[in-house]
There are 2 protein chains.
Amino acid sequence: MALKLDKNLYGFVTEQELCSMQGAVDDAVNKIKNKTGAGSEYLGWVDLPVTYDREEFERIKTAAEEIKKCDVFIVIGIGGSYLGARAAIEFIKSPLYNTLKKDTPDIYFAGNNISTSALNELLEICEGKDICINVISKSGKTTEPAIAFRIFRKYLIDKYGEAEANKRIYVTTDKAKGALKTLASKKENGYESFVVPDDIGGRYSVLSAVGLLPIAVAGIDIDAIMNGALQARNDLYCGPSDNDCYRYAAIRNILYNKNKVIEILASYDSALIMTAEWWKQLFGESEGKDGKGIFPASVTFTTDLHSLGQIIQAGKRNIFETVIFIKDSDKDIFIENDADDLDELNYISKQYLSLHDINKCAFRATVMAHVSGGVPNILFELDSRDAANFGYMVYFFELACAVSGYMLGVNPFDQPGVEEYKNNMFELLGKNKNK
Amino acid sequence: MALKLDKNLYGFVTEQELCSMQGAVDDAVNKIKNKTGAGSEYLGWVDLPVTYDREEFERIKTAAEEIKKCDVFIVIGIGGSYLGARAAIEFIKSPLYNTLKKDTPDIYFAGNNISTSALNELLEICEGKDICINVISKSGKTTEPAIAFRIFRKYLIDKYGEAEANKRIYVTTDKAKGALKTLASKKENGYESFVVPDDIGGRYSVLSAVGLLPIAVAGIDIDAIMNGALQARNDLYCGPSDNDCYRYAAIRNILYNKNKVIEILASYDSALIMTAEWWKQLFGESEGKDGKGIFPASVTFTTDLHSLGQIIQAGKRNIFETVIFIKDSDKDIFIENDADDLDELNYISKQYLSLHDINKCAFRATVMAHVSGGVPNILFELDSRDAANFGYMVYFFELACAVSGYMLGVNPFDQPGVEEYKNNMFELLGKNKNK
């Protein structure tokens, strides 16, 4: 089990360039190890796979078992309180999780937008179903989840009465203060509560209760996720200073300095679409500041070879690709021989060539094509789409992102630019006008 | 009903700059009107809303009524044979179309990837369900849809026997030749067939049978779509030469020349996610060639304000946004007063402020924030998410894309870069080796 960084960047980045970056890498890593960099109060994710709260971890599992008895589980959260859990469920289970037969609840994500139709549809889906909710918000005052929680809390009270509703509301929030904490702690409510750690920012929080409760409800082994993350910590953070994670951070910065200003995360399975969305927040929000930052985009191949493939192959040469390929596959499918062979597929209807082998060929063919078109390709192989590999990948990218951000000269843990639209919105809506 | 281009680009593009582009706009438009530009053999989409085949159109409706009797409808196609129909269904119906209660079939898209798990899951979903399929491929030999069709055709034959399976297979392909046409025309098969027009490329084909059959099966009024497109043609192609569509094409090129190399299509509803994917293919594949082209990306707000919002607000200033906001909304939702007001939402719990009004405020607040952060914003308002508005929007962007591509100096109708990975793949897989 490992994210393996293919060194072959085909001349876009030389081994010598990479070597010359080692000092900058070491500086960045030392800022993390010694907590001397900007935003060092948010480094809780570094030791999380070792230090996580075992008592809370067991309560998460107990809560998940209780929640599994319901039909529909609504997870209310935005940004880091949304993307990580959804990424995990789609990666490990399926992007069609809700549609497939299973013995765990349907899981819907709410409170991550202000769309009227999205909320109406979700209320329609809940009709006649047995519901539990998990609201995730550090302050309890973020507009989108606060609106959704006010609506779904009332919905539960109307449906079940106050006492029963209280048992169906699970809160993930600040350990001590804030609107949600106050509400949860009220004697008459007594919501089961979990903690958004003080020293872990939203986009680094998937391995805390923020992500783990919804992930556990989907029937995923959260011990395996934490073990995967722990192995990544051992291999990378505790490993040699020229490991693949740090090399990835260095290569990104080398390419950025060569005016490769767009990084496309590519995969070969739609199960990774939300992982890419999680990755886009992680890198975009960590590095996109002070007029700097690689713009993170994503594609799913071979689907998007028939869409963005053209511009990747032959457009402006300001992009590079980071490709994740999953080595193992699901139950193999083979293509049967056809007497007529009008579609000319018989050449791949061989019992030793599975559909996954063909996908692998498409992957290799695409790397060759894009590299020859002038697009640097960074290749990662992941063994499988299991929980341990997910945990490993999460830790790998979190650490790479922190190192890369420090190398870029930014604070990888703040997000000052997110406030501006909020302030304008409060102004337009007249918040605090009557105070 | 109109896509309205807000002229206010807040100083990034002056009215004078726009005026100075009018000659280039007129040249591009004339290449379309006189069919003198590169790729002019693919201009069939221009007159399609006027000239479309009425006999086939009625057959599409009849076929859709027949298909509606089944439980699950599998649409096999890739690129332009996939994105347009899915965009329409999610835009007009819902991104949760398959999950919501309805009197039309569940619709799944296959043959747009080589993922083993995606195909296994789809076969699992089909178990015990009544199935029809539509395979869409001009040649019938494109690897991804050909594989899926071989598998689903056999699945249908095994399930229903050959005679009944033949009635459940709907083919959209070349009018005269190719693997699928040959198969469909065989006397013993006699599949109902529709035409991929010779003079319309994949990414411009959603208003032909390629898109219309799946769209009609979802219970959408395809007459209204064509009427919307017709109105767009009247307003734009037959309209004044400084109309919003051509201004959009001009503004994009002005911004590109100012090194705004990334265009982000932003919306405020997840119902537009697949519309953005369709738009990304349209513009990316049309313009991304000869070392040129704006890189098309997309976001859904307010969701992604808590993800890519930071880098848009404060990252490298090489991006601009094109924002679509839908004026009308679904059944209004209002936020009720709460005695405690711990979440401090009471200030918006007013009967005159609906959730949609709040979304509108978020939209205006975000435009202000991003513009003040140095990101040009092109604003479109669409009246509603109905079929007519969808048809209008499709025609608007198709025409804008063709004009913009000619202004950029490329052939907006070819996609030579898509061949390279295919050739490599055939090589790796050993195609034609034994011939």
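The structure this text deals with has already been given above.
Here's what I pulled together on the structure shown here. (Residues numbered from 1 in each chain as written. Chains lettered and ligands numbered in written order. Predicted model: local features only at pLDDT ≥ 70, side-chain atom pairs only at ≥ 80, totals over all residues. Heavy atoms only, no water.)

1. A closer look at unusual backbone geometry
In this model, phenylalanine 301 of chain A is joined to threonine 302 of chain A through a cis peptide bond whose omega is 0 degrees. Its location among the elements puts threonine 302 of chain A in the loop between strand S8 (295-300) and helix H14 (309-314). For asparagine 259 of chain B, which is not glycine, the phi dihedral falls at a positive 70 degrees. In this fold, asparagine 259 of chain B is placed in the loop between helix H12 (244-257) and strand S7 (262-267). Phi at aspartate 341 of chain B is positive, roughly 55 degrees, even though this residue is not glycine. (Helix = DSSP H or I, 4+ residues; strand = E, 2+ residues; numbered from the N terminus.)

2. Some details on the interface of chain A and chain B
Across the boundary between the two partners, chain A contributes 121 residues, which contact 121 residues of chain B. Taken over both partners, the interface formed by chain A and chain B buries close to 10,500 Å², and the fraction arising from carbon and sulfur atoms is 61%. Among the residues of chain A in contact with chain B, Arg150, His306 and Gln310 of chain A are the three that bury the most area, contributing 8% of the side total. Where chain A packs against chain B, one counts 14 salt bridges. Between arginine 150 of chain B and aspartate 343 of chain A there is a salt bridge whose closest N-O contact spans 2.7 Å. Linking chain A with chain B are 52 residue pairs in polar contact (both at pLDDT 80 or more). Sort the elements by how many residues they give to the side of chain A that touches chain B and helix H15 (residues 355-372) of chain A lands first, with 12 residues. For the side of chain A that touches chain B, the class distribution of residues is 49 nonpolar, 37 polar and 35 charged. (Contact = heavy atoms within 4.5 Å. Buried area = accessible area lost by both parts, 1.4 Å probe. Salt bridge = Lys/Arg side-chain N within 4 Å of Asp/Glu carboxyl O. Polar contact = N/O pair within 3.5 Å; in protein donor to acceptor, adjacent residues only side chain to side chain. Nonpolar A, V, L, I, M, F, W, Y, C, P; charged D, E, K, R; others polar.)

3. Looking at helix H3 (residues 44-51) of chain A
The set of residues buried in H3 of chain A consists of Gly44, Trp45, Val46, Leu48 and Pro49 of chain A. Contact partners of the buried residues in H3 of chain A: helix H2 (22-33), helix H4 (54-67), helix H11 (222-237) and helix H16 (387-408) of chain A. (Buried < 20%, exposed > 50% of the residue type's maximum accessible area, 1.4 Å probe, protein only.)

4. Examining the side chain of arginine 203 of chain B
All names here are of chain B. By the secondary structure assignment, arginine 203 is in the loop between strand S6 (192-195) and helix H10 (209-217). Its relative accessible area of 4% is what places arginine 203 among the buried residues. Those residues in contact with arginine 203 that sit more than four places away from it in its chain are Gly80, Trp278, Gln281, Leu282, Glu285, Ser286, Lys289, Glu398, Pro412, Phe413, Asp414 and Gln415.

5. Section: the nonpolar core
Ranked by internal contacts, the top residues of the largest apolar core, which has 337 residues, are Ile74 and Phe397 of chain A together with Ile74 and Phe397 of chain B. Aside from chain neighbours lying at most four places away, what touches phenylalanine 397 of chain A is Tyr248, Trp278, Trp279, Leu282, Phe283, Ile324 and Phe380 of chain A. (Core = buried A, V, L, I, M, F, W, Y, C linked by side-chain atoms within 4.5 Å.)

6. Looking at the relation of the copies chain A and chain B
In this arrangement, two copies of a chain are superimposed by a rotation about an axis accompanied by a shift along the axis. Structural alignment of chain A on chain B gives an RMSD of 0.0 Å, achieved by rotating through 180 degrees and translating 0.0 Å along the axis. Taken together, the rotation angle and the small translation identify this as a two-fold axis. A shared binding surface is used by both copies, with 100% of the interface residues of chain A retained as interface residues in chain B. (Least-squares fit on C-alpha atoms with pLDDT ≥ 70 in both.)

7. Some details on the sheet that holds strand S6 (residues 192-195) of chain A
All names here are of chain A. Taken in spatial order, the 5 strands line up as S3-S2-S4-S5-S6 in an open sheet, and their pairing is parallel. Edge positions in the open sheet fall to strand S3 (106-110) and S6, since each of these has one partner strand only. Within the sheet, the average angular offset between the axes of one strand and its neighbour, ignoring direction, is 20 degrees. Bridge count between strand S4 (residues 131-136) and strand S5 (residues 169-173): 4 bridges; the pairing is parallel. Each residue of the ladder has a partner; that of isoleucine 133, found in S5, is isoleucine 169. Those strands touched by helix H6 (residues 116-126) are strand S2 (72-76), S3 and S4, and its axis lies near 155 degrees from that of S3. (Pairing = 2+ DSSP bridges. Axes fitted to C-alpha atoms, helices over the stretch in contact; angles between N-to-C directions.)

8. Brief notes about the sheet that holds S6 of chain B
Strand pairing in a sheet is mediated by backbone hydrogen bonds. Such pairs are either parallel or antiparallel. Residue and element names in this part refer to chain B. Taken together, 5 strands build an open sheet; the order of strands is S3-S2-S4-S5-S6 and the sheet is parallel. The open sheet has two edge strands with one neighbour each: strand S3 (106-110) and S6. Taking the axes of each pair of neighbouring strands and ignoring which way they run, one obtains an average angle of 20 degrees across the sheet.

9. With respect to helix H5 (residues 83-93) of chain A
In an α-helix, one full turn covers 3.6 residues, which means residues spaced three or four apart are oriented alike. With respect to burial, H5 of chain A is a largely interior element, 9 of its 11 residues being buried. Of the residues making up H5 of chain A, those classed as buried are Leu83, Gly84, Ala85, Ala87, Ala88, Ile89, Glu90, Phe91 and Ile92 of chain A.

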